[in-house]
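# Structural description and commentary
The residues making up each chain are set out below.
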Amino acid sequence: MSLYDDAVLVLKGYEGQEELRQAYLDHLAAHPDGMWKACHAGHVTASALVIDASRERVLLTLHRKLRMWLQMGGHCEPGDPTLEAAALREATEESGIAGLTLLPGGPVRLDRHPIPAPCHWHFDVQYAVLAPPGAVHEISDESLDLRWFAYAEVADVADESVVRLLEATRARL
């Protein structure tokens, strides 16, 4: 099965955010290359919110280009067999933490947001991952900083999309 086919299956099975979910499916139907950065009409991305083992904090990255505190995530790559695998790969690469595990139940949220030209939209499929006890993070080239934040601190540093992802993740936990 291709990554495109996996994305369509994941989105068809995703419950909630019906209008947005349909927009993702419509985008993929209209753009067979809609999984890839080269699709200038927009493309599917995969991200993951990293939760600490005690389930009291989240690890956010200060994104180098956007200069915003965000969850880990980014573009799908040809070697990614599934959206879950892409989200887990991105979270591992950007956090430097080995042994992350996906929260069961598939995507936690969908978040479509505009991005600068030449592309126009990221159709982000958002997951959550749990860090193992004693996890040590390491800043990647894509980050200016990585920091653990208590749940109550997230709204003070991150935008509404991250706050909504945290709320959905906590409901899943």
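Below is a summary of the structure that appears in this document. (Residues numbered from 1 in each chain as written. Predicted model: local features only at pLDDT ≥ 70, side-chain atom pairs only at ≥ 80, totals over all residues. Heavy atoms only, no water.)

### Structural notes on the packing of helix 1 (residues 3-13) against helix 2 (residues 18-30)
Where helix 1 contacts helix 2, the axes come no closer than 10 Å and their chain directions differ by 155°. It follows from the interaxial angle that helix 1 and helix 2 lie roughly antiparallel. Here the hand of the crossing between helix 1 and helix 2 comes out left-handed. Contacts between helix 1 and helix 2 involve Tyr4, Ala7, Val8, Leu11 and Lys12 from the former and Arg21, Tyr24, Leu25, Leu28 and Ala29 from the latter. Of the residues assigned to the contact of helix 1 with helix 2, the class counts are eight nonpolar, no polar and two charged. (Axes fitted to C-alpha atoms, helices over the stretch in contact; angles between N-to-C directions. Helix = DSSP H or I, 4+ residues; strand = E, 2+ residues; numbered from the N terminus. Parallel < 35°, antiparallel > 145°, perpendicular 65-115°, else oblique. Left-handed = near helix turned anticlockwise from the far one by under 90°. Contact = heavy atoms within 4.5 Å. Nonpolar A, V, L, I, M, F, W, Y, C, P; charged D, E, K, R; others polar.)

### Notes on the layout of surface pockets
Which parts of space are left empty comes out when a probe the size of a water molecule is rolled across the atoms. As a volume, the largest pocket reaches approximately 910 Å³. What lines the largest pocket is a set of 34 residues, among which His63, Leu66, His75, Ile115 and His122 lie closest to the centre. The set of elements that each furnish at least two residues to the lining of the largest pocket consists of strand 1 (43-51), strand 2 (57-63), strand 4 (72-75), helix 3 (83-95), strand 6 (109-114) and strand 7 (121-130). With four residues, strand 4 is the largest single contributor of residues to the lining of the largest pocket. (1 Å grid on protein atoms, 1.4 Å probe; cavity = no way out; pocket = protein on both sides within 12 Å on 5 of 7 lines; lining within 4 Å. Points joined across faces, edges and corners; volume = space filled by probe spheres on them.)

### Description of the packing of aromatic side chains
The description of an aromatic ring pair uses the distance of the two centres, along with the angle that the planes make with each other. Applying the stated criterion across every chain, the model contains two aromatic pairs. Between Tyr24 and Phe123, the aromatic rings sit 5.2 Å apart at their centres with planes inclined by 90°, giving edge-to-face as the arrangement. Residue Tyr24 is located in helix 2, and its partner Phe123 is located in strand 7; the two are separated by 99 residues in the primary sequence. Take Phe123: its relative accessible area is 5%, and that puts it in the buried class. Here Trp69 and Phe149 contribute two aromatic rings whose centre-to-centre distance is 5.0 Å and whose plane-to-plane angle is 75°, an arrangement assigned as edge-to-face. Of this pair, Trp69 sits in strand 3 (residues 69-70) while Phe149 sits in strand 8 (residues 143-150), and the two are 80 residues apart along the sequence. This pair shows no difference in class: Trp69 is buried, exactly as Phe149 is. Just above the ring of Trp121 sits the side chain of Arg112; from NZ or CZ to the centre is 5.1 Å. (Phe/Tyr/Trp six-rings, centres within 6.5 Å; stacked < 30°, edge-to-face > 60°. Buried < 20%, exposed > 50% of the residue type's maximum accessible area, 1.4 Å probe, protein only. Lys NZ or Arg CZ within 6 Å of the ring centre and 35° of its normal.)

### What about the pattern of salt bridges?
Evaluation of the coordinates by the stated rule reveals eight salt bridges. When the shortest N-O distance is used, the salt bridge between Glu90 and Arg89 registers 3.1 Å. Overlapping salt bridges bring together Glu77, Asp80, Arg89, Glu90 and Glu93 as one network. (Salt bridge = Lys/Arg side-chain N within 4 Å of Asp/Glu carboxyl O.)

### Topic: the nonpolar core
Membership of the largest hydrophobic core comes to 32 residues, with the highest contact counts inside it found for Met35, Val50, Leu83 and Val125. For this core, the secondary-structure elements that each account for two or more residues are helix 1, helix 2, strand 1, helix 3, strand 7 and strand 8. The dominant element in this core, judged by the number of residues it contributes, is helix 1, at five residues. Those residues in contact with Leu83 that lie beyond four places of it in its chain are Leu3, Asp6, Ala7, Val10, Met35, Val44, Ala46, Cys76, Val125 and Tyr127. (Core = buried A, V, L, I, M, F, W, Y, C linked by side-chain atoms within 4.5 Å.)

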